[in-house]
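# Chains, contacts and geometry: an overview
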Amino acid sequence: MTRKKLIEVALPLEAINTASAREKSIRHGHPSTLHLWWARRPLASARAVIFAQMVDDPSACPEEFPTEAAQAEERERLFRLIEKLVQWENTNNEDLLQEARQEIWKSWQRACCDNAHHPRAEELFNPNRLPAFHDPFAGGGALPLEAQRLGLEAYASDLNPVAVLINKAMIEIPPRFAGRPPVNPEARTKEALMEREWKGARGLAEDVRYYGKWMRDEAERRIGHLYPKVKITPEMAQERPDLKPLVGQELTVIAWIWARTVRSPNPAFGHVEVPLASTFILSSKPGKEAYVEPVVEGDRYRFTVKVGKPPEGAKNGTKLARGANFRCILSGTPIEPNYIKAEGQAGRMGARLMAIVAEGPQGRVYLAPIREHEASAREALPQWKPSGDVPARLTGGTCVPYGMRQWGDLFTPRQLVALTTFSDLVDEAIAKVREDAIQAGLPDDGIGLDEGGTGATSYAQAVGVYSALAVDKGANYWSSLCSWNSGFEKITSTYGRQAIPMVWDFAEANPFSESSGNLLSGFEQAAKLLGNITTDWIGRAGQSDAQTQNISKDKIVSTDPPYYDNIGYADLSDFFYVWLRRSLRPVFPELFATMAVPKAEELVATPYRHGGKEEAEKFFLEGMTKALARLAEQAHPAFPVTIYYAFKQSESEGNGEARRTGWETFLEAVIRAGFSITGTWPMRTEYTGNLKKNVAALASSIVLVCRKRPENAPTATRREFLSALKEELPKALRLLQAGNIAPVDLAQAAIGPGMAVYTRYAKVLDAEGRPVAVREALSLINQVLDEALAEQEGNFDPDTRWALAWFEQFGFGEGEFGVAETLTKAKNTSVAGLLEAGILESARGRVRLLEPKELPEDWDPALDERFPHWEVLHHLIRRLEQGGEEAAAELVARLGSQAETARELAYRLYTICERKNWASEALLYNALVQSWPEIVRLAGERDKETQAQAGLFAVQE
Ligand SMILES: C[S@@+](CC[C@H](N)C(=O)[O-])C[C@H]1O[C@@H](n2cnc3c(N)ncnc32)[C@H](O)[C@@H]1O
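Residues numbered from 1 in each chain as written. Predicted model: local features only at pLDDT ≥ 70, side-chain atom pairs only at ≥ 80, totals over all residues. Heavy atoms only, no water.

The name that an unreviewed UniProt entry assigns to the protein chain is DUF1156 domain-containing protein, with the source organism given as Meiothermus taiwanensis WR-220.

On to the layout of surface pockets, then. Rolled over the atoms, a probe with the dimensions of a water molecule shows which regions are left empty. Put simply, the second largest pocket is a space of about 1,000 Å³. K4, V9, K731, A732 and L735 are, among the 35 residues lining the second largest pocket, the residues nearest its centre. Elements with a minimum of two residues in the lining of the second largest pocket: α3 (68-85), β20 (675-683), β21 (701-708), α23 (718-738) and α24 (743-760). Sort the elements by how many residues they give to the lining of the second largest pocket and α23 lands first, with seven residues. Considered class by class, the residues forming the lining of the second largest pocket number 15 nonpolar, eight polar and 12 charged. (1 Å grid on protein atoms, 1.4 Å probe; cavity = no way out; pocket = protein on both sides within 12 Å on 5 of 7 lines; lining within 4 Å. Points joined across faces, edges and corners; volume = space filled by probe spheres on them. Helix = DSSP H or I, 4+ residues; strand = E, 2+ residues; numbered from the N terminus. Nonpolar A, V, L, I, M, F, W, Y, C, P; charged D, E, K, R; others polar.)

A separate point is the nonpolar core. W681 and M755 are the most contacted members of the largest nonpolar core, which totals 304 residues. Ranked by the residues each element gives to this core, the list is headed by helix α15 (residues 456-475), at 12 residues. Other than its neighbours up to four places away in sequence, M755 contacts L667, I671, I677, R760, V774, A777, L778 and I781. (Core = buried A, V, L, I, M, F, W, Y, C linked by side-chain atoms within 4.5 Å. Buried < 20%, exposed > 50% of the residue type's maximum accessible area, 1.4 Å probe, protein only. Contact = heavy atoms within 4.5 Å.)

Okay, the site of the ligand next. Close to the ligand lie 26 residues, the nearest being R41, G140, D158, A546 and D560. Note that an oxygen atom of the ligand is positioned 2.7 Å from one of the side-chain N or O atoms of D158. Of the pockets mapped on this structure, the ligand occupies the largest cavity. (Near = heavy atom within 4 Å. Polar contact = N/O pair within 3.5 Å; in protein donor to acceptor, adjacent residues only side chain to side chain. Sits in = over half its atoms within 2 Å of the grid points.)

Next up on the list: the packing of aromatic side chains. Tallied over the entire structure, the rule returns 34 aromatic pairs. Summarising the aromatic geometry, the rings of Y227 and F512 are spaced 5.4 Å apart at their centres and angled 80° between planes, so their arrangement reads as edge-to-face. Taken together, the positions of Y227 in the loop between α10 (202-223) and β3 (230-231) and F512 in the loop between β16 (505-509) and α16 (519-531) put the pair 285 residues apart, joining distant regions of the chain. Judged on exposure class, the residue Y227 and its partner F512 are both buried. Taken together, a centroid distance of 4.9 Å and an interplanar angle of 45° make the contact between Y645 and F666 tilted. Placement of Y645 in strand β19 (residues 641-646) and of F666 in helix α21 (residues 656-672) is noted, with a sequence separation of 21 residues between them. Both residues of the pair, Y645 and F666, count as buried. Sitting over the face of the ring of W256, R414 holds its NZ or CZ atom 4.2 Å from the ring centroid. Looking at K555, its charged tip hangs above the ring of Y155, at a distance of 4.6 Å from the centre. (Phe/Tyr/Trp six-rings, centres within 6.5 Å; stacked < 30°, edge-to-face > 60°. Lys NZ or Arg CZ within 6 Å of the ring centre and 35° of its normal.)

This is how it looks when you write it as structure tokens:
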């Protein structure tokens, strides 16, 4: 026996979405700061989903909550808990987490009782041991991390070694060394520190910080001379009066800005390498503008830097048009893409220093190039460079056509020297930590991290893992594909977007500065994250293909698979892999055995890898079905499996056709894999800004809640399917509304209960015996949903029912009086009555509904004898718009229970507007529902106040 879980009935979506969107701006202690991974899930949604998939829905516990009211109350309590749980500030709130874990345990105890006679009861339903968690597409690790935080042993697997390493760093290593004090000599000699309690991974964090600092200082000793400071001289200040106050000062350079060069195609200047500069703007910050000004003297040129408003055209540098179209700075001759490609491929592309960005006492200082600085860069002689091919084709662009074919080509010689020095130092740091650990009394069992060791060698390697990740994270800022962002005055990392496009004028960061892309910050961020990690439950991360894995056996599964062709993880991550492999191959020989990240089994629909679009689609669908079938077969039977489906950009941007097919294909894979679907929850991880632009803006992803379909699932006819839908959808709809789901999310969320009906059957057959396809099922579900919403009209008064029908046809526009009158007959009201109610205007044979902003401000329901639900709703909207939630609450307090119907009406009106594409009206109705809980809360407070005052007066009287 299994009980329905909360996620199969209701979720506080709004709170989850808001917290997820907020989390995007968190900079400290978040997993995203450990290392780049693409398409990371917000921790908030991961946490809420796993929690709700483990706790019973109150309706499944009638012995405790016998009435619907009791169930609703209990659900509310669980909602409140989730609303707190998803807040970033509560990530480490032990009391709250403990409360959540207890809820999970309570449901687990019920499951064990229910299944005491299960044939595998001992393995599957041990009341003293929760099942473990597994995510077979773990990526950046948000889901396993959150499962662990909720008190589960966590298993993470991914095909990609970079992802595996990130997961090891998050869930596997910290618990292994939990509670250990740091081993570095500084921490050991400080008595105060010795007295500190080294909770969780804080000791490890302290060591990551200490040895990071050691690595940085050591690296500076070895290669610091390649990164000269700038001394501001009186000569420099002569041309630039703004530099006067800085004369004599030595400033640290943040970045050197280079322009790539090719020989001029003009034969008269063929001996000169001319710059390919896409812009001359250095700072576009108002009041702080700076730009490069080229000075041409015969067949030579040099760069100067000026402050103040740039001349027209500076923003285009030497660029003539989009793409690789430039002009020769000396002759104006166009330099065409094919010429640049040929020069690049022949190894004749160079670079010339355009400007220097230094850190001044009051912000960035932009300086003209200095000969010695250009020379220091050229002094660097790399001993090693990574090999391996850069992907020649990539959505979003690649630099391969310009001759940057191998990963090593993406770095300047100085960047190669720096990265090899840092990666050598990882190895040296490991040796040093090991010695210090032995000194600190940690026995050395000689067993490495990979074999599960916990002694000095393993501990040293653990510090090495975070060090390698910090260096690798830095590499993102230390390639010649980083550009200078003149608006924010900072470096844009290599992966500013998910591609490897050519960058013409690049910014070479100084890893020893204190600005973005400095070496030390990587260690600091890793240490902060370690401070935020739960270490009480073990974790394991390993490399595994989701299509064949056995790790999910008897585990709780929540997973976030790749999204069709959105991101080529394997292609992109080779950039990082080559450096990680250099530092960590001795620690994880198997994980880093291959020269590059495995690609063949990656579940991404890449036409160039699979020989065409169709083949790619087939590969993806079959592979995904196989991977999902592994989950249907293996996952623990007491819990649903949750699967994230993210819309592709083209899908979420309202290309209806694409959205339908992508979504349908995925649903089909899920069903084919042997799952039935019991819930579909729209998740929005972006701010709702989008909503304002487009009413059809959908959630960025959907969480599918799935259960294994029983072997003996029956077959149904189309008619049986339809009547089951009609029976079950209205109830599900009411539950969703009671959970205050935003109208914009209602249709997607209602697909869940609809799909639950469709997928409970092995097959649904039409009158001719042909299977009803997913597409048709979806359209039937929508149709029944519409009917169910229309049926709710029965709860409204006749005036409102009239207004609804009128609105559907005319919106707030005008229509003929005669039509209005005929409609009143059908709805059992009269035009005169509607005018009296104050929702209509009639003039010269035409009528129209009044817009909220036209309604009288001083409306008082107590003095109005005819106020339909329509009027109430639009007065509430007017107040919300003009005076905010407080003003709306004031009216709700006066209306009492009559206000509730307004919310139902808002759902109905939203659906109409959405269908008609009336974006601004739809927004009004959506906004009212979204603010509803707050409005009701404020109204309740008002009520209490009024009662208290009444009491006070009573006493005074
Ligand atoms: C959407 S991402 C997961 C993101 C993750 N939830 C997070 O929060 O960072 C999908 C992952 O699937 C992995 N992947 C692709 N094909 C795979 C396969 N055949 N087996 C296992 N993992 C695979 C990719 O490497 C990628 O990390």
